[in-house]
Amino acid sequence: MAVLVIADHDGATVRDTTHKTVTAAAKIGGDIDILVVGEGAKGAADAAAKIKGVRKVLLAESAGLGKVLAEAVEATVLPLADGYDAILAPATTDGKNFAPRIAAKLDVAPISDIIEVVSPDTFVRPIYAGNALETVQSSDAKKVITVRPTGFDSAEEGGSAPVESVTGGDAPKTTFVSEEMVKSDRPELGAAKIVVSGGRALGSSEEFHAVMDPLADKLGAAVGASRAAVDAGYAPNDYQVGQTGKVVAPELYIAIGISGAIQHLAGMKDSKIIVAINKDPDAPIFQVADYGLVADYKIAVPELMAALG
Amino acid sequence: MKVLVPVKRVIDYNVKARVKADQSGVDLANVKMSMNPFDEIAVEEAVRLKEGKGHHAANTAEEIVAVSVGVTQAQETIRNALAIGADRGILVQSDTDLEPLAVAKVLKAVVDEEKPDLVLMGKQAIDGDNNAVGQMLAALLDWPQATFASKVEIKDGKAQVTREIDGGLQTIEVALPAVITVDLRLNTPRYASLPNIMKAKKKEIATKAVADYGTDTAPRLKVIKVTEPPKREAGEKVADAAELVAKLKSKGVI
Ligand SMILES: Cc1cc2nc3c(=O)[nH]c(=O)nc-3n(C[C@H](O)[C@H](O)[C@H](O)COP(=O)(O)OP(=O)(O)OC[C@H]3O[C@@H](n4cnc5c(N)ncnc54)[C@H](O)[C@@H]3O)c2cc1C
Ligand SMILES: Cc1cc2nc3c(=O)[nH]c(=O)nc-3n(C[C@H](O)[C@H](O)[C@H](O)COP(=O)(O)OP(=O)(O)OC[C@H]3O[C@@H](n4cnc5c(N)ncnc54)[C@H](O)[C@@H]3O)c2cc1C
């Protein structure tokens, strides 16, 4: 058995989602190789080589591969696929973009967003916004899987795998135009220990940032948002927590002015401790909150800041 | 330009799914079903391409075909798409649930027949939550894909698409024909007006069977069981911020 993990990285280093995917790969069993696709991604490959339990790291570098176009990743992975029984990627927007494409080319039914490996061919994945968990067994000889990072612990450091170069593919019918990334010194939403999320109640972009940013900075937290807050332009799209946004499971999740719709809960209900601040005592968010504070955020958040010292 | 919009009949997004006691699946008996919300956004965008709404030039789309793979009642979902403004529909009947790979294969056969310039579809169905069919359809067709679109511009045989990705937004240009999957912020779908609902009743829906396309739709996955996730119990209410901080400190999370 051999498993290929497609790394999530920023060129210089690999993100923790990769470590978590390696843990899922180890549960499937067999040799684990990591593929780093990118442009100027030697640093990431070296970082991947240090993950414990990795046999080797494959580095595919070429101009354009840095933008992770699905067609180019597909063209890079297909020639390697013969050597593997399973191909895994973290269920990030990139992983979700290229994994089903690779699966279709291999005539394999992809298995999306797994949270548990039951056996090498059987997996658990949430469906219906996390209101049900499906255990599925695959009869495909080769498996293509995306891994929900919150379902797995991070693989440890301490390896020293060799790095080999492989040929990168291209995307002849696609051109990269531009990118607009949110700059922030705060921890990444998916990896943060504490997340503070704001909802529609915040009312404007100015208010959202005036209330949420200082609180996040005080707690060393990442900032999230409900769909309503993102739709209204109070927060960037990247902040959205939920069924169709990011799934987070921090130690502490503080929801401020968020009602707790099913779709929002799908993205945060596995958090260790949930706090809700909402002025409506009947808001559904209180049904999942460990600590609920029924209050106007305009009063509660300044008091919280003061109490935190 | 001809646009094909695959639409799926799913549990209404306001309904909380309940797992069946025998763990064989989710109970859909007497549950309100609707068009997958993402597919509504896809239909709306196709109609805007036709009407020339927003930044689109008029008649960017000339014909919009809505297609659904599913049970007889998926007709209603297609009617809904016709009421928003699609021109005609195709129902590919299937009494068994098809996996994303099988749906993609059937849709490929429909594309081979219909020859659209663009397939606009939802990024994810809110029941299966696979987020896979669009990407697989693009792969089977050897077309480029632009997933998670929050802005679409069509010109000179190309689509410029802004995508919602982790970390922000990415804009790419794909040569047509292509598959675009839509995200929540592409548009806000209209409510179909009564006259348009009436008009939709007269529009054509062709009915086919999965078998007509001769594609391999045999399942690759076996559902062993469907269970309820661990329940979270409501905790306690705190009186004020000071009490909250004390509790969080005692738990060691701050
Ligand atoms: C296909 C689909 C996908 C979706 N995906 C997602 C998703 O991924 N993530 C997501 O979040 N949503 C998602 N949604 C949307 C979801 O259904 C809800 O509409 C959304 O989560 C509501 O956001 P909210 O809680 O901020 O707003 P609201 O529901 O309007 O809640 C605002 C809350 O603020 C409280 N409030 C108001 N003023 C104050 C105040 N001064 N102080 C304290 N509290 C106050 C109110 O009591 C209320 O509970 C999706 C919906 C669909 C159809
Ligand atoms: C053994 C088995 C049991 C199953 N049990 C259930 C069950 O209990 N309940 C259930 O709802 N499903 C069930 N399914 C179906 C399955 O889980 C998915 O719903 C289906 O495979 C499509 O995946 P998705 O909707 O998540 O696709 P996604 O990839 O999330 O869909 C993306 C987009 O593809 C398009 N699309 C998807 N499906 C169709 C379609 N049929 N027609 C037209 N366009 C479409 C839409 O534009 C949609 O927005 C079962 C499947 C199997 C194999």
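Preceding this paragraph is the structure being described.
All of these numbers come straight from a predicted model, not from anything done at the bench. (Residues numbered from 1 in each chain as written. Chains lettered and ligands numbered in written order. Predicted model: local features only at pLDDT ≥ 70, side-chain atom pairs only at ≥ 80, totals over all residues. Heavy atoms only, no water.)

Visitor: Describe the sheet that holds strand E4 (residues 86-90) of chain A, naming the residues involved and giving the relevant values.
Guide: Strands pair in a sheet through their backbones, by hydrogen bonds, and they do so in one of two ways: parallel or antiparallel. All names here are of chain A. Across the sheet, which stays open at both edges, the seven strands sit in the order E5-E9-E4-E1-E2-E3-E10 with parallel pairing between neighbours. Pairing within the sheet leaves two strands with one partner each, and these edge strands are strand E5 (111-114) and strand E10 (163-166). Direction aside, neighbouring strands of the sheet carry axes that sit 25° apart on average. In terms of strand pairing, strand E3 (residues 54-61) meets E10 through four bridges, oriented parallel. In the strand pairing of E10, Leu59 is matched with Ser165. (Pairing = 2+ DSSP bridges. Helix = DSSP H or I, 4+ residues; strand = E, 2+ residues; numbered from the N terminus. Axes fitted to C-alpha atoms, helices over the stretch in contact; angles between N-to-C directions.)

Visitor: For a nonpolar patch on the surface, give the residues involved together with the corresponding values.
Guide: All names here are of chain B. Where nonpolar side chains cluster on the molecular surface, the patch consists of Leu194, Ile197 and Met198 and spans about 290 Å² of accessible area. Inspection of the secondary structure assignment puts Ile197 in helix H5 (residues 194-202). Overall, Ile197 belongs to the partly exposed group, its relative accessible area being 34%. (Patch = residues over 30% accessible without salt bridge, like charges linked within 9 Å, V, L, I, M, F, W, Y side chains within 5 Å. Areas by Shrake-Rupley, 256 points an atom, 1.4 Å probe, with all protein chains shown as cover. Salt bridge = Lys/Arg side-chain N within 4 Å of Asp/Glu carboxyl O. Buried < 20%, exposed > 50% of the residue type's maximum accessible area, 1.4 Å probe, protein only.)

Visitor: Outline the site of ligand 2, supporting the account with residue identities and numerical values.
Guide: Around ligand 2, a shell composed of 26 residues is seen, among which B:Lys8, B:Asp39, B:Val69, B:Leu98 and B:Ala132 lie nearest. The residues that come close to ligand 2 belong to more than one chain, namely chains A and B. Separating an oxygen atom of ligand 2 from a side-chain N or O atom of B:Asp39 is a distance of 2.4 Å. Protein burial of ligand 2: of its 950 Å² of free accessible surface, 87% is covered by the chains. Those elements that place two or more of their residues in the shell around ligand 2 are strand E4 (63-70), helix H3 (100-114) and strand E6 (118-122) of chain B. (Near = heavy atom within 4 Å. Polar contact = N/O pair within 3.5 Å; in protein donor to acceptor, adjacent residues only side chain to side chain.)

Visitor: Can you tell me about the interface of chain A and chain B, naming the residues and giving the values?
Guide: The interface is formed by 82 residues belonging to chain A together with 80 residues belonging to chain B. Counting the surface lost from both chain A and chain B, the interface buries some 6800 Å², and carbon and sulfur atoms represent 54% of this. Inspection of the chain A/chain B interface yields seven salt bridges. Broken down by element, the side of chain A that touches chain B gets its largest block of residues, eight residues, from strand E11 (residues 174-181) of chain A. (Contact = heavy atoms within 4.5 Å. Buried area = accessible area lost by both parts, 1.4 Å probe.)

Visitor: So what's going on with the site of ligand 1? Which residues, and what values?
Guide: The immediate surroundings of ligand 1 are formed by 29 residues, with A:Arg200, A:Ser226, A:Gln240, A:Ser259 and A:Asn278 found nearest. Two or more chains meet at ligand 1, and those chains are chains A and B. Interatomic distance of 2.5 Å between a side-chain N/O atom of A:Ser226 and an oxygen atom of ligand 1. Here an oxygen atom of ligand 1 sits 2.9 Å away from a polar atom, N or O, in the main chain of A:Arg227. When ligand 1 is considered free in solution it has 990 Å² of accessible area, and contact with the protein chains removes 86% of it. Contributions of two or more residues to the shell around ligand 1 are made by helix H6 (227-231) and helix H7 (262-265) of chain A together with helix H1 (37-51) of chain B. In terms of residue class, the shell around ligand 1 is made up of twelve nonpolar, twelve polar and five charged. (Nonpolar A, V, L, I, M, F, W, Y, C, P; charged D, E, K, R; others polar.)

Visitor: So what about the pattern of salt bridges? Which residues, and what values?
Guide: Overall, the coordinates contain 44 salt bridges over all chains when judged by the stated rule. Across the pair A:Lys52 and A:Glu156 runs a salt bridge whose closest N-O atoms are separated by 3.5 Å. With A:Lys52 in the loop between helix H2 (42-49) and E3 and A:Glu156 in the loop between strand E9 (143-147) and E10, this pair connects stretches of sequence that are 104 residues apart. A:Glu156 gets classed as exposed once you look at its relative accessible area, which sits at 53%. A salt bridge links B:Asp183 to B:Lys123; the nearest nitrogen and oxygen atoms lie 3.3 Å apart. Remark: B:Lys123 occurs in the loop between E6 and helix H4 (133-141) and B:Asp183 occurs in the loop between strand E10 (178-182) and H5; sequence separation between them is 60 residues. With respect to class, B:Asp183 is no different from B:Lys123; both count as buried. Among the charged side chains, a network of salt bridges with common partners joins A:Asp107, A:Asp140, B:Lys105, B:Asp216 and B:Arg220.

By themselves these figures say nothing about function.
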